[in-house]
Amino acid sequence: MHYWHFEIGDNHVPKQPIMSIKPHSCISKIQVQIPLRKKKRERDMENLKIEETINKAGEKYRSFLHEEAENTHWRHGGPPIYDAVNKLFEEGRTKVWEKGSLEETVQNAIKSWEMELSHKTRIQDFKTINPEKFKLIVNGREGLSAEETLKVGSYNALLKSTLPEECKYYKAEEETFESSHEIFRSAFPRGFAWEVISVHSGPPVITYKFRHWGYFEGPFKGHAPSGEMVDFYGMGILKVDEQLRAEDVEIYYDPADLISKLIKGALIDEQQNANVKSSPVNAGSCPFNKQE
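Here the structure is a predicted model, which is why all the values come from computation and not from measurement. (Residues numbered from 1 in each chain as written. Predicted model: local features only at pLDDT ≥ 70, side-chain atom pairs only at ≥ 80, totals over all residues. Heavy atoms only, no water.)

What about the overall build of the chain?
- Each helix and strand counted, the chain has 9 helices and 5 strands in total.
- Out of the 292 residues in the chain, the part that is buried amounts to 40%.
- At a minimum sequence separation of 6, the contacts of the chain that also span at least 24 residues come to 64%.
- Accessible area of the chain: about 16,600 Å², with a carbon and sulfur share of 55%. (Helix = DSSP H or I, 4+ residues; strand = E, 2+ residues; numbered from the N terminus. Buried < 20%, exposed > 50% of the residue type's maximum accessible area, 1.4 Å probe, protein only. Contact = heavy atoms within 4.5 Å. Areas by Shrake-Rupley, 256 points an atom, 1.4 Å probe, with all protein chains shown as cover.)

Describing the side chain of Lys 168
- Of note, Lys 168 is situated in the loop between helix H6 (154-159) and helix H7 (177-187).
- In this structure the side chain of Lys 168 is engaged in a polar contact, spanning 3.4 Å, whose partner is the backbone oxygen of Ser 161.
- With residues up to four places along the chain from it excluded, the contact list for Lys 168 reads Ser 161, Leu 163 and Glu 173. (Polar contact = N/O pair within 3.5 Å; in protein donor to acceptor, adjacent residues only side chain to side chain.)

Let's talk about the confidence of the model for the chain
- In the predicted model, the chain carries a mean pLDDT of 81, and the fraction of residues at 70 or more is 71%.
- The model gives residues 1-30 a pLDDT under 50, and that stretch makes 22 contacts with residues more than four places away or in other chains.
- A low-confidence stretch, residues 47-57 stays under pLDDT 50, and its non-local contacts, those more than four residues away or across chains, total 4 contacts. (pLDDT = per-residue confidence, 0-100.)

A closer look at the side chain of Asn 86
- One can find Asn 86 in helix H3 (residues 83-92).
- Asn 86 has contacts with Glu 59, Tyr 61 and Arg 62, leaving out every residue within four places of it along the chain.

Brief notes about H3
- Of all the residues in H3, the buried ones are Val 85, Asn 86, Leu 88 and Phe 89. In an axial view of H3, the angular spread of the buried residues amounts to 160°, which keeps them on one side of the axis. Facing away from the buried side of H3 by more than 90 degrees, the exposed set consists of Asp 83 and Glu 91.
- Tucked inside the fold, the buried residues of H3 contact helix H4 (102-119), strand E2 (193-201) and strand E3 (205-215). (Arc of directions from axis to C-beta.)

As for the packing of aromatic side chains
- As enumerated under the stated definition, the model contains 14 aromatic pairs in all.
- Pairing Phe 188 with Phe 192 gives two aromatic rings, centres 4.4 Å apart and planes at 5°, and the pair type is stacked.
- In this structure Phe 188 comes out as buried when scored by relative accessible area, which is 0%.
- Here the aromatic rings of Phe 192 and Phe 232 are separated by 6.3 Å at their centres, their planes lie at 50°, and the arrangement is tilted. Taken together, the residues span a long stretch of sequence, with Phe 192 in the loop between H7 and E2 and Phe 232 in strand E4 (residues 229-240) at a distance of 40 residues. Neither Phe 192 nor Phe 232 differs from the other in exposure class; each is buried. (Phe/Tyr/Trp six-rings, centres within 6.5 Å; stacked < 30°, edge-to-face > 60°.)

What about H4?
- Over its 18 residues, H4 extends 26 Å from the first C-alpha to the last, a length consistent with the 26 Å expected when each residue adds 1.5 Å.
- Counting buried positions over the 18 residues of H4 gives 14, a clear majority of the element. (Expected span 1.5 Å × (residues − 1).)

Side note on empty space enclosed by the protein
- In total, this model carries 2 cavities of 30 Å³ or more according to the counting rule given.
- Computed from the structure, the largest cavity encloses a volume of approximately 370 Å³.
- Glu 114, Ser 154, Leu 158, Trp 194 and His 212 are the residues nearest the centre of the largest cavity, which is lined by 20 residues in total.
- At the level of elements, H4, H6, E3 and strand E5 (246-253) are the ones that each hand at least two residues to the lining of the largest cavity.
- Of the residues in the lining of the largest cavity, the class split is 15 nonpolar, 2 polar and 3 charged.
- Taken as a whole, the second largest cavity spans an internal volume of roughly 30 Å³.
- Around the second largest cavity, the lining residues are Trp 113, Leu 117, Ile 123, Phe 126, Ile 129, Phe 134, Ala 146, Thr 149 and Leu 150.
- At the level of secondary structure, the elements contributing two or more residues to the lining of the second largest cavity comprise H4 and helix H5 (146-152). (1 Å grid on protein atoms, 1.4 Å probe; cavity = no way out; pocket = protein on both sides within 12 Å on 5 of 7 lines; lining within 4 Å. Points joined across faces, edges and corners; volume = space filled by probe spheres on them. Nonpolar A, V, L, I, M, F, W, Y, C, P; charged D, E, K, R; others polar.)

Some words on unusual backbone geometry
- The omega torsion of the bond from Pro 203 to Pro 204 falls at 15°, within 30 degrees of zero and hence cis.
- Among the secondary structure elements, Pro 204 is positioned in the loop between E2 and E3.
- Even without being glycine, Asn 139 reaches a positive phi, approximately 50°.
- Positionally, Asn 139 belongs in the loop between strand E1 (135-138) and H5.
- Positive phi is not limited to glycine here, since Lys 221 has a value of about 50°.
- Locating Lys 221 in the fold gives a position in the loop between E3 and E4.
- By relative accessible area, which is 38% here, Lys 221 ends up partly exposed.

In structure tokens form, the structure reads like this:
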């Protein structure tokens, strides 16, 4: 009713019988304007809902971060904050995928799974996987169950090696979930970002290429940081169920492509190591929230 009043009253339409109004008069204008304005209102409301959802969740790229947060057992007492690594991601990504595209959907799904694996302590709180069928397979090795993956952590699962002991610069079997994350938080104080480069097949078996990167600004296993950007590429195969929960995650990449860039710096003594860790770029009230 408001739009009829506005269009007729405020445009000073002459008072005459309705049938005497000529074609293309204000009546025609009203008939055009009302659906256009209705569509605009609908678009504005939809954009507002999207914005409100993002603001409420506080996270653009990861689902389930704040959903039922009060009932979730978080590793560090509450949902992580990804502001630092999101900034790194947005500044360093090589692809910006269209909203709602398959590439963006896959990218955000993997980020959400990684968030749960790194920050939730109970499989029953995971929303991104089918816990009964889940397997993580790295470079063709025997798959790890959901509980096994959660126990060792993503870094140890991805960096486990069959190399001879003297050739291992990172020994996953000697690290815990906590120690492995501390090693890489120290090495990459700004976070360790991840992006999808391409997607080659859609669900239920999704094949994709990815890139991982960060700035090596902290010590790694006694080696001095280079300050350089370190990245590596790999391929993944993600099998999902009808609810789009992960059943199999296969990752193929060369671990040496990462580790070789982290050990080329000179060895530093314990005091130097402590000084580097406490430098401004490595300082922060909540460093575990920076990791991808």
